Amino acid sequence: MHFDRLVDEIYEAAIVPERWKIVLDRLARLADAEGALLFAAAPGLPRWLSTDTIRSRVEAWIDSPFYLNNPRGERLVPIKEPRFLTDLDAFTLEELEQEPYYTNFLRPQGLGWCIGTSVYSPAGDILVVSIEKAHEKGPVPREVAEQLDRLRPHLARAALLSGRVGLERARATVESLKMIGLAAAVLGHGGKVLAANDALFACEPDLRIGAGSQLEFANPAVHALFATASEGRSASTHGASIPVRRTRTREAFVVHVLPMRGSGRDVFSGAEFLLYVTPVIQQPGPPPEILQALFDLSPAEARVAAMIARGISVDATAQALSVKPNTIRMQLKAIFAKTGTSRQAELVSLLRLAPSR
């Protein structure tokens, strides 16, 4: 192992999150393992990343009963020792032969041994680095654990830095949305506000940031809908749009809660949802130049987004731009990915914003 080079790669990953996969791959090779993953041992939507070699097996784990009932995690994570631990630090060989998580899930998946460590993140939850090794290869030797222990302080510091970078990215997101008059916040599990722009405070007293940085709604029925949207795993697919009725002092508005997808769901900062507020009465969206700058769209994607926001159909947009409808549909897929939406109605709702005054 080129120790200094690996340390450099760990700190590079702290700034460039995409490089964490490279670090995990290096750790897996060091342990002669099948792969490695980094995940948050916390309630809420699954937040994790892994090497490509075990990605499908991690997805199977998340979909299995063992994700919420994981005896390995229950025994190893509470051991608050600043070192890498193996299965044998928490189980006897006899226990491993009787534990269904190992016999019925890990081993059929081509795994069975691990070595891992836990660190605390700025979001207040626990981050776990777990290196997964095939059962047939035998447990990870103690000498390998000692090599990994030398890396642990660097991994912990890099995770802390990644959390700070993730929070700054969240703040940049909501400030960008403010540029088009959009009150917005990035939320963690259970509606904890990680970042919010000034426009959100204009929504008081209908919604406010309360104790523990929790987002609260004055209307109990609205708050109940929001709590459902920001809790558990069910919101991971669809999100929610929550209407807030008109009063004598303000117009009605809709609160949209969208799950962060892909790299947007940050392992380190705890970002799980993007919340934004739109009035019921909407106006045509910003011009293509603004959309291109806000959402990192290509010029062609920005033109399509602006036309869709004005209510122009896919076929009519294709005709106006002299391209095939399938081309517009492909560009819409890219626009969805860059704006954090998944349906045309969500995109229109995001882009067609009324002035805040």
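Residues numbered from 1 in each chain as written. Predicted model: local features only at pLDDT ≥ 70, side-chain atom pairs only at ≥ 80, totals over all residues. Heavy atoms only, no water.

Caption draft 1: Up close: the overall build of the protein. Across its full length, the protein holds 15 helices and twelve strands. Judged by the C-alpha coordinates and their principal axes, the protein covers about 65 × 50 × 40 Å. Among the 357 residues that make up the protein, the fraction classed as buried is 49%. A fraction of 56% describes how many contacts in the protein between residues 6 or more apart in sequence connect residues 24 or more apart. Total accessible area computed for the protein in this model is approximately 17,200 Å², and 54% of it derives from carbon and sulfur atoms. Charge centroids of the protein, computed over 41 positive and 40 negative side chains, lie 7 Å from each other. (Helix = DSSP H or I, 4+ residues; strand = E, 2+ residues; numbered from the N terminus. Buried < 20%, exposed > 50% of the residue type's maximum accessible area, 1.4 Å probe, protein only. Contact = heavy atoms within 4.5 Å. Areas by Shrake-Rupley, 256 points an atom, 1.4 Å probe, with all protein chains shown as cover. Lys, Arg positive; Asp, Glu negative; His and termini not counted. Charge placed at Lys NZ, Arg CZ, Asp CG, Glu CD.)

Caption draft 2: Spatial organisation of helix α7 (residues 142–178). Spanning 37 residues, α7 covers 53 Å between terminal C-alpha atoms, matching the ideal 54 Å at 1.5 Å per step. Maximum bend of α7: about 40°, positioned at L151, with proline P153 one to four residues after it. (Expected span 1.5 Å × (residues − 1). Bend = angle between axes of the 7 residues up to and from the residue.)

Caption draft 3: Spotlight on the packing of helix α12 (residues 299–309) against helix α14 (residues 325–339). For the pair α12 and α14, the least separation of the axes is 9 Å and the interaxial angle reads 90°. Between α12 and α14, the crossing angle belongs to the class labelled roughly perpendicular. Between α12, through A300, E301, V304, A305 and I308, and α14, the contact on the second element is made entirely by I328, Q331, L332, A334, I335 and K338. Grouping the constituent residues of the contact of α12 with α14 by class yields eight nonpolar, one polar and two charged. (Axes fitted to C-alpha atoms, helices over the stretch in contact; angles between N-to-C directions. Parallel < 35°, antiparallel > 145°, perpendicular 65-115°, else oblique. Nonpolar A, V, L, I, M, F, W, Y, C, P; charged D, E, K, R; others polar.)

Caption draft 4: Spatial organisation of the side chain of T86. Inspection of the secondary structure assignment puts T86 in strand β3 (residues 85–86). Excluding its chain neighbours within four sequence positions, the residues that come into contact with T86 are L76, C114, I115 and V140.

Caption draft 5: Highlighting the sheet that holds strand β10 (residues 240–244). Across the sheet, which stays open at both edges, the five strands sit in the order β7-β6-β12-β11-β10 with antiparallel pairing between neighbours. Edge positions in the sheet fall to β7 (193–196) and β10, since each of these pairs with one other strand and no more. Averaged over all pairs of adjacent strands, the angle between their axes in this sheet comes to 20°, without regard to strand direction. Note that strand β11 (residues 253–259) and strand β12 (residues 273–279) share seven bridges and pair antiparallel. Note on β12: the bridge partner recorded for V254 is T278. α7 contacts β6 (183–187), β7 and β12 of the sheet and is inclined by roughly 40° relative to β7. Against the sheet, helix α15 (residues 344–351) contacts β11 and β12, and its axis sits at roughly 65° relative to β12. (Pairing = 2+ DSSP bridges.)

Caption draft 6: Expanded view of the environment of R250. Structurally, the position occupied by R250 is in the loop between β10 and β11. A residue is classified by how much of its surface remains accessible, and R250, at 17% relative accessible area, is buried. Sequence separation between R250 and L207 is 43 residues, and the spatial gap between their C-alpha atoms is 13 Å. Discounting chain neighbours no more than four positions away, the residues touching R250 are D206, V244 and R245.

Caption draft 7: Focus on the sheet that holds strand β4 (residues 112–120). Pairing within the open sheet is antiparallel, and its five strands lie in the order β2-β1-β5-β4-β3. The open sheet has two free edges, formed respectively by β2 (48–50) and β3, since each of these has just one partner strand. In this sheet, β4 lies alongside β3 in antiparallel orientation, the contact comprising two bridges. Looking at the pairing, T86 lines up with I115 of β4. The strands that helix α3 (residues 55–62) touches are β1 (35–41) and β2; relative to β2, the one it contacts most, it runs at about 150°. Contacts between α7 and the sheet are confined to β4 and β5 (126–134), with β4 contributing the most and set at about 40° to the helix.

Caption draft 8: Representation of the environment of P299 within the structure. You can see P299 is positioned in helix α12. Taking the C-alpha atoms as reference points, P299 and A33, separated by 266 residues in sequence, lie 44 Å from one another.

Caption draft 9: Structural context of unusual backbone geometry. In this model, E204 is joined to P205 through a cis peptide bond whose omega is 5°. With respect to the helices and strands, the residue P205 is situated in the loop between α8 (198–201) and β8 (207–209). One non-glycine residue with positive phi stands out, namely S322, at about 60°. Checked against the element boundaries, S322 lands in the loop between α13 (314–321) and α14. The exposed category is assigned to S322, whose relative accessible area is 66%.

Caption draft 10: Summary view of the pairing of β4. Summarising burial for β4: seven of the nine residues are buried, a large majority. Pairing analysis gives nine bridges linking β4 to β5, with the strands arranged antiparallel. Bridge assignment links V119 to a residue of β5, and that residue is L127.

Caption draft 11: Inspection of the pattern of salt bridges at higher detail. Taken as a whole and assessed by the stated rule, the structure comprises 21 salt bridges. For E81, the salt bridge goes to R83, with nearest N and O atoms at 2.5 Å. A relative accessible area of 25% places R83 in the partly exposed class. Between K338 and E301 there is a salt bridge whose closest N-O contact spans 2.9 Å. In this pair, K338 is assigned in helix α14 and E301 in helix α12, connecting sequence segments 37 residues apart. Judged by its relative accessible area of 37%, K338 is partly exposed. Through salt bridges with shared partners, a single ionic network connects R5, E9, E12, R19 and R26. (Salt bridge = Lys/Arg side-chain N within 4 Å of Asp/Glu carboxyl O.)

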